[in-house]
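Letter by letter, the chains look like this.
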Amino acid sequence: MSNYKNIESALIRGGLFGDPLTRSVNVPIYQTSTFQQPELGTNPKWEYARTGNPTRAALEALIAELEGGTAGFAFASGMAAISTVLQLFKSGDRILISSNVYGGTFRILDKVFKPFGLEYAIVDTSNAEAIEAAITDDVVAILVESPANPLMTVTDLWLVSDIVHTHGLLTIVDNTFMTPYLQRPLALGADIVIHSATKYLGGHSDLVAGLVVVKDDDLAERIGFIQNAVGAVLGPMDSFLLIRGIKTLAVRMDRHVANAQRVAEWLHDNDAVKVVYYPGLPDAQGYEINRKQARNGGAMIAFELKEGYDYRQFFRSLKLISLAESLGGVESLTCHPATMTHASIPREIRLKVGITDNLIRLSVGIEHIDDLIADLDQAIQESEVK
Ligand SMILES: *Cc1c(COP(=O)(O)O)cnc(C)c1O
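Residues numbered from 1 in each chain as written. Predicted model: local features only at pLDDT ≥ 70, side-chain atom pairs only at ≥ 80, totals over all residues. Heavy atoms only, no water.

The domain boundaries assigned to the chain delineate domain 1 (7–247) and domain 2 (249–383). Here the C-alpha centre of domain 2 lies 26 Å away from the C-alpha centre of domain 1. In this complex, domain 1 contributes 41 residues to the contact, which on the side of domain 2 involves 42 residues. The junction of domain 1 with domain 2 conceals about 3300 Å² of combined surface from both sides, 63% of it contributed by carbon and sulfur atoms. Three residues, L151, Y181 and Y200, lead the burial of domain 1 against domain 2; their summed loss comes to 23% of the area buried on that side. At the boundary of domain 1 and domain 2, one finds 1 salt bridge. A salt bridge links R295 to E8; the nearest nitrogen and oxygen atoms lie 3.9 Å apart. The interface formed by domain 1 and domain 2 holds 15 residue pairs in polar contact (both at pLDDT 80 or more) in total. Only α1 (7–13), α4 (103–113), α6 (157–166), α7 (179–182) and α9 (236–247) provide two or more residues apiece to the side of domain 1 that touches domain 2. (Domains from an automatic or database assignment. Contact = heavy atoms within 4.5 Å. Buried area = accessible area lost by both parts, 1.4 Å probe. Salt bridge = Lys/Arg side-chain N within 4 Å of Asp/Glu carboxyl O. Polar contact = N/O pair within 3.5 Å; in protein donor to acceptor, adjacent residues only side chain to side chain. Helix = DSSP H or I, 4+ residues; strand = E, 2+ residues; numbered from the N terminus.)

So, about the environment of L59. The residue L59 is located in helix α2 (residues 54–67) in this model. You can call L59 buried: its relative accessible area is 0%. The spatial distance from the C-alpha of L59 to the C-alpha of A81 is 14 Å, given a sequence separation of 22 residues. For L59, the contacting residues outside a window of four places in its chain are A74, L211, L234, S239, L242, I243 and I246. (Buried < 20%, exposed > 50% of the residue type's maximum accessible area, 1.4 Å probe, protein only.)

On to the environment of L323. Along the chain, the position of L323 falls in strand β10 (residues 322–323). Given the relative accessible area of 49%, L323 is considered partly exposed. Each C-alpha atom, one on L323 and one on A61, is 35 Å from the other, the two residues being 262 residues apart in sequence.

In this section: the sheet that holds strand β1 (residues 71–75). Neighbouring strands of a sheet are bound in pairs by backbone hydrogen bonds; such pairs are parallel or else antiparallel. The sheet built from 7 strands is open, its strands ordered β1-β7-β6-β5-β4-β2-β3 with mixed pairing. What marks the edges here is a single partner per strand, and that holds for β1 and β3 (119–123). Ignoring which end each strand starts from, the neighbouring axes of this sheet average 20 degrees apart. Direction of pairing for strand β5 (residues 170–174) relative to strand β6 (residues 192–196): parallel, over a ladder of 3 bridges. Across the sheet, D174 pairs through a bridge with I194, a residue of β6. The sheet strands contacting α2 are β1, β6 and β7 (210–214), and the helix crosses β1 at an angle near 125 degrees. Its contacts with the sheet put helix α8 (residues 217–230) on β1, β5, β6 and β7, and the angle it makes with β1 is roughly 20 degrees. (Pairing = 2+ DSSP bridges. Axes fitted to C-alpha atoms, helices over the stretch in contact; angles between N-to-C directions.)

Laid out in structure tokens, this is it:
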């Protein structure tokens, strides 16, 4: 943390706090596309809002500080952030991705970048030997999520960065599920951190945004260039909303995680549940690694009901928890990865990586824990095939 010893303070006062002109405690929304220039050739700091906007700049300084980087960049969505990072590479290069990355990340590589000649390969990033074996001459970077969507697979970020750096490649971490409050990949050796800020950072399911943070000046310059050249930037209103959301990240996450831990334990002990995926359970894959690299297990859970329970009826029976795409908002959401978030992944690849047709994903919100468990309990009972 550059200016504050504890991230709880940096979340509120980091980046560019308030407004120096009026001393307002909040960064103003600079709703403008352009800025007056005093005369020809003065090279002003603010000239055109695609290149730079003061509200966006405050957000970019904030996320850079929170992730322990030197430069931050704000985009119109998480996918715009990922797309911009992928544009660092060129035809003939190859990116390694973990076996259960976000469906949209797979889709953009497979359907948008591959036709331009940027190749990808899927690798089990929780397995060091598999990574070594996948590093062919054309590999330029590895893109990982930990815990990865939707099976909460944990990857040892320090180990991956270590392997990747001996080959002179870049480590890119999508830190959406953890946020800088729970995990800081740059400190674990990563080169680029990406967020879908639509999720926990925004935290209220009321905006779509993406962020990128780096710690290397050359990378910062290249990403800044692409951000301006391509122009998938975040507007000032959404930048303001995101700064506002980030201020309460620590208190929200504490409650998200406390609830998720209780829900995961309850599911784990439930006779109707076949398997629970949650990195905060001691018998989960990667539990020890996650404990070393993250504050706790986060607030995303996936589980399967046993045979004799109908997952369609489970979704139908929920009263409090909403069936919806997305995650990380204060309200609990559930989704069906096979037909929703991961529908763009061909079924045979999906099944190979363990995303079965009856897998249920939960984004545990900050409602009262008793209400959440009561809702899950009645929905599971309703879903029993009689
Ligand atoms: C949602 C999400 C994305 C995409 O972000 P958008 O803001 O929806 O464009 C990327 N990665 C992960 C892990 C996500 O959950």
